[in-house]
There are 2 protein chains.
Amino acid sequence: MKVTKKIVLEEHDMPTQWYNIVADMVQRPAPMMNPETKQPLRPEEMSTLFAEELVKQEFSTERYIDIPDEVRDLYRIWRPTPLVRASGLEKALDTPAKIYFKNESISPVGSHKLNSAIPQAYYNKKQGIQHMTTETGAGQWGSSLAIACKHFGLDLTVFMVNSSYEQKPYRKSVMHTYGANVIPSPSLQTEVGRQLRERYPNTPGSLGMAISEAVELARKQPNTRYGLGSTMSHVCLHQTIIGQEAIKQMEIAGDYPDVVIACFGGGSNFAGLSFPFMRNNLTKGYKTRFIAAEPEACPKLTKGRFEYDFGDSTGLTPLIPMYTLGHEFEPAAIHAGGLRYHGAGAIVSQLHKDGLIEAVDINQLDSFKAGVLFSQVEGIIPAPESTHAICAAIQEALKAKEEGVERVILFNLSGHGLIDMASYDRYFAGELNG
Amino acid sequence: MKVTKKIVLEEHDMPTQWYNIVADMVQRPAPMMNPETKQPLRPEEMSTLFAEELVKQEFSTERYIDIPDEVRDLYRIWRPTPLVRASGLEKALDTPAKIYFKNESISPVGSHKLNSAIPQAYYNKKQGIQHMTTETGAGQWGSSLAIACKHFGLDLTVFMVNSSYEQKPYRKSVMHTYGANVIPSPSLQTEVGRQLRERYPNTPGSLGMAISEAVELARKQPNTRYGLGSTMSHVCLHQTIIGQEAIKQMEIAGDYPDVVIACFGGGSNFAGLSFPFMRNNLTKGYKTRFIAAEPEACPKLTKGRFEYDFGDSTGLTPLIPMYTLGHEFEPAAIHAGGLRYHGAGAIVSQLHKDGLIEAVDINQLDSFKAGVLFSQVEGIIPAPESTHAICAAIQEALKAKEEGVERVILFNLSGHGLIDMASYDRYFAGELNG
């Protein structure tokens, strides 16, 4: 027992504020645009779709925003999460690097998504909203918003990307257990869903399509608002509780990361872990590297363009300044359903443009190989999304070995894969593409 | 935020010894018997089947037994586990009772079983054993021994009860990911398996049958030992880390339990939480009640007889003094696969006989109803086994409400149900029997 395996914090160590990186950015993100008027979007235009408090956060430039007591109260079910030294992985790789991971997989739904679901449901409830709609890819976000809505007494309709609906029946069951209504997308229940099915008859669905459906329903149904699980600034904001805890824990461990890594779908788990550390780069001249690990099948940061684009497939959202593969991009039905999104959030996109963030794209077979190794040496079977972060961390650890450097690597274990075992089965059966 | 939601301990607070209740029992369990000689079993007769250190523990009367550093080292991946105040459940029941649960579900495999799998694999490795065999019901034990064997470089063959093999394909995948060989039981690969299939052609299998197969293979294959996931004294011993942590945590919470509850299969999670608290009953005159919650479909404590019986279905094990439904009892294929075992361990049986333990039997539909309520108010979807403990805790909390008493209830959340969602689906579809 030479090294401390796991740094835990007490409830009272939990951050009381979220960190808003916009306050410290040299170049702030360009404004979102109203696609019709081509004018910068005004908060009141967004509040027909999102709860007002969330819109306020979306536009906020304040550095710290208080976490309401009711939200912290629920966070305490599983937070603070442990910071774990990946000593098994270090040994397996025979690397001089020190590898740490933040274990977000111990949340009741198995991922970090609950960090934003709880405040989103809370602010909607506070405003008197009765119904919410959302989309879900891998199902982690849908499960999270389902339990949050159940807690605050809101109804929830979830449009679940059809390929995930088929691949991950247990996720659907989890949402049912929490009382949500789950619809495979594209569906016949919205106008946009019917159009998409006509246009792409054999589509496995995508996050962009499911968002279009959820947005349409939120606009048409009375007293309803929409909730998004990633990309937007207020979602990234809520996730910063991860990195703020991690900073305290790294301090206790007596280390500071040279490299911070997270998988990248819309950017919220990446932002959540990174931004509090990035603050030290922006304000104190630290030189930490930040790596977004995205799938080869959906490489918006490594291969996309920085431009104004829609957040959904059919152009129902405002125009967002972001790295994108084009809102009509149809990603292959890879098993990391949570990473199948065409664009990156506005803040992360600006930071990437300004050279503060690196990106790597990871092959699906490499990601599962990394996931199996991690399972066997650390005991936790990672979600297919999280295996991308693990794979990038392994690459960095092997580079450190080549260079003979004791580099400190920190990555986010955004979720466990116990509900994704069918994906591992297909990997073992040799049925997956790279 | 009036009450502390969750009491966490640091790594250095983790117990360094297991607690052996035999040292404090007024009536110690009668000895196991060799079925052929009808003489008390000698340790050397067991060591052909189990690693020697485990046999030593099985016969030990020492009060405390050191936990090896290598075992504590792995425990630290997820231990100490949190003690959680079930404030959501209290509110839903509008009860004056204070309800706490020990959250064993956050282990990498999702249950308490890893607490014994790690020392079992460790002691086998230390002795130079190369292969292990075991049985698994719900799959929690098989997954646990799989990752423990992988860590210590042992091969593992798991006989998985056929009904669970069909109901829980993800559990099988977890074991594959950890590198184990999984065989549905009864199988054609052992003599006893072939006999069982002939005798009961349509059997869903049972833990007793799977044990017979694992024992046969362990006896026939060179350099192989068997590992059992419950009932035996050394397994109960390893699980006492749960209760020892809970005692420290209840002290921090400023409460002491009036009632301690756990679900009951072979008795190890029950023993693990209870025994350290029971020590205060045995040595300090405390009056805490201990309730074992078993399924109506397999009611060995409430409806079984106390007598010498075999631990497996076909009489390959020693005779054990225990509450049993008869070793040929075939439990219905209920979804709490881990509770489908005909007998109770020798220590728990003796304690029940001596009036130190109460037992209740829980209807399957009631158990799922309790599980759904718990999911919605506490966020964690419990394993079908653990729902029995929750159901019993709810009964006690409602009794406290009737009586207007502020009773302190502690139960073990032995595992989560994320891999058991097919069972919840069948419950919601109205397809389950009571």
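Above this text is the structure in question.
About the cut-offs
- Residues numbered from 1 in each chain as written.
- Chains lettered and ligands numbered in written order.
- Predicted model: local features only at pLDDT ≥ 70, side-chain atom pairs only at ≥ 80, totals over all residues.
- Heavy atoms only, no water.
- Contact = heavy atoms within 4.5 Å.
- Buried area = accessible area lost by both parts, 1.4 Å probe.
- Salt bridge = Lys/Arg side-chain N within 4 Å of Asp/Glu carboxyl O.
- Polar contact = N/O pair within 3.5 Å; in protein donor to acceptor, adjacent residues only side chain to side chain.
- Helix = DSSP H or I, 4+ residues; strand = E, 2+ residues; numbered from the N terminus.
- Nonpolar A, V, L, I, M, F, W, Y, C, P; charged D, E, K, R; others polar.
- Least-squares fit on C-alpha atoms with pLDDT ≥ 70 in both.
- Buried < 20%, exposed > 50% of the residue type's maximum accessible area, 1.4 Å probe, protein only.
- Pairing = 2+ DSSP bridges.
- Axes fitted to C-alpha atoms, helices over the stretch in contact; angles between N-to-C directions.
- Phe/Tyr/Trp six-rings, centres within 6.5 Å; stacked < 30°, edge-to-face > 60°.
- Lys NZ or Arg CZ within 6 Å of the ring centre and 35° of its normal.

A.B. asks: Would you mind going over the interface of chain A and chain B with me for this structure?
C.D. replies: Size of an interface, as often reported, equals the accessible area lost when the parts are brought together. With 46 residues of chain A at the contact, the number on the chain B side is 46 residues. For the pair chain A and chain B, the two sides together bury roughly 4,100 Å², of which 61% comes from carbon and sulfur. There are 0 salt bridges connecting chain A and chain B. Counting every contact that joins chain A to chain B gives 14 residue pairs in polar contact (both at pLDDT 80 or more). Only α3 (69-75), α6 (140-152), α8 (169-177), α15 (364-378) and α17 (421-428) of chain A provide two or more residues apiece to the side of chain A that touches chain B. It is α8 of chain A that provides the largest number of residues to the side of chain A that touches chain B, a total of 6 residues. Among the residues making up the side of chain A that touches chain B, the classes are represented as 23 nonpolar, 10 polar and 13 charged.

A.B. asks: How should I be thinking about the relation of the copies chain A and chain B in this particular structure?
C.D. replies: In summary, the two copies of the chain are related to each other by a rotation about an axis coupled with a shift along it. Its rotation angle being 180°, the transformation that places chain A on chain B also includes 0.0 Å of axial translation and leaves an RMSD of 0.0 Å. Taken together, the turn and the small shift mark the pair as related by a two-fold rotation axis. In this assembly, 100% of the residues forming the interface of chain A have copies in chain B that are likewise at the interface, indicating an isologous arrangement.

A.B. asks: Sorry, what's going on with the environment of Val71 of chain A here?
C.D. replies: Residues and elements named next belong to chain A. Examined against the element boundaries, Val71 turns out to sit in helix α3. What makes Val71 buried here is its relative accessible area of 0%. Remark: the alpha-carbon pair of Val71 and Lys91, spanning 20 residues in sequence, is separated by 39 Å. Look past the residues within four positions of Val71 in its chain and what remains in contact with it is Trp18, Ile118, Pro119 and Tyr122.

A.B. asks: I tried to follow the sheet that holds strand β6 (residues 131-136) of chain A on my own but got confused; where do I start?
C.D. replies: Note: strands within a sheet are paired through backbone hydrogen bonds, in either parallel or antiparallel orientation. All names here are of chain A. An order of β8-β7-β6-β9 is seen for the 4 strands of this open sheet, with the pairing classed as parallel. Single-partner strands in this sheet number two, and they are β8 (181-185) and β9 (224-226). Across the sheet, the axes of successive neighbouring strands diverge by a mean angle of 20°, strand direction being ignored. With 6 bridges joining them, β6 and strand β7 (residues 155-161) adopt parallel strand pairing. Residue pairing in the sheet places Thr134 in a bridge with Val158 of β7. Across the sheet, α6 lies against β6 and β7, angled at about 160° from β6, the strand it touches most.

A.B. asks: Explain the packing of aromatic side chains to me, please; I cannot follow it from the model alone.
C.D. replies: Aromatic ring pairs are reported here in terms of the distance separating the ring centres and the angle at which the planes meet. All names here are of chain A. Going through the model one piece at a time under the given rule, you end up with 31 aromatic pairs over all chains. Consider the rings of Tyr256 and Phe277, whose centres lie 5.6 Å apart with planes at 70°: the pair is edge-to-face. Here the residue Tyr256 occupies a position in the loop between α11 (233-253) and β10 (259-263), and Phe277 occupies one in helix α12 (residues 268-284), the gap between them amounting to 21 residues. Ring pairs connect the aromatic residues Phe368, Tyr424, Tyr427 and Phe428, which therefore count as one cluster. Its end group placed over the ring of Tyr100, Arg85 keeps NZ or CZ at 5.4 Å from the ring centre. Over the face of the ring belonging to Tyr165 we find Lys172, whose NZ or CZ atom lies 4.3 Å from the ring centre.

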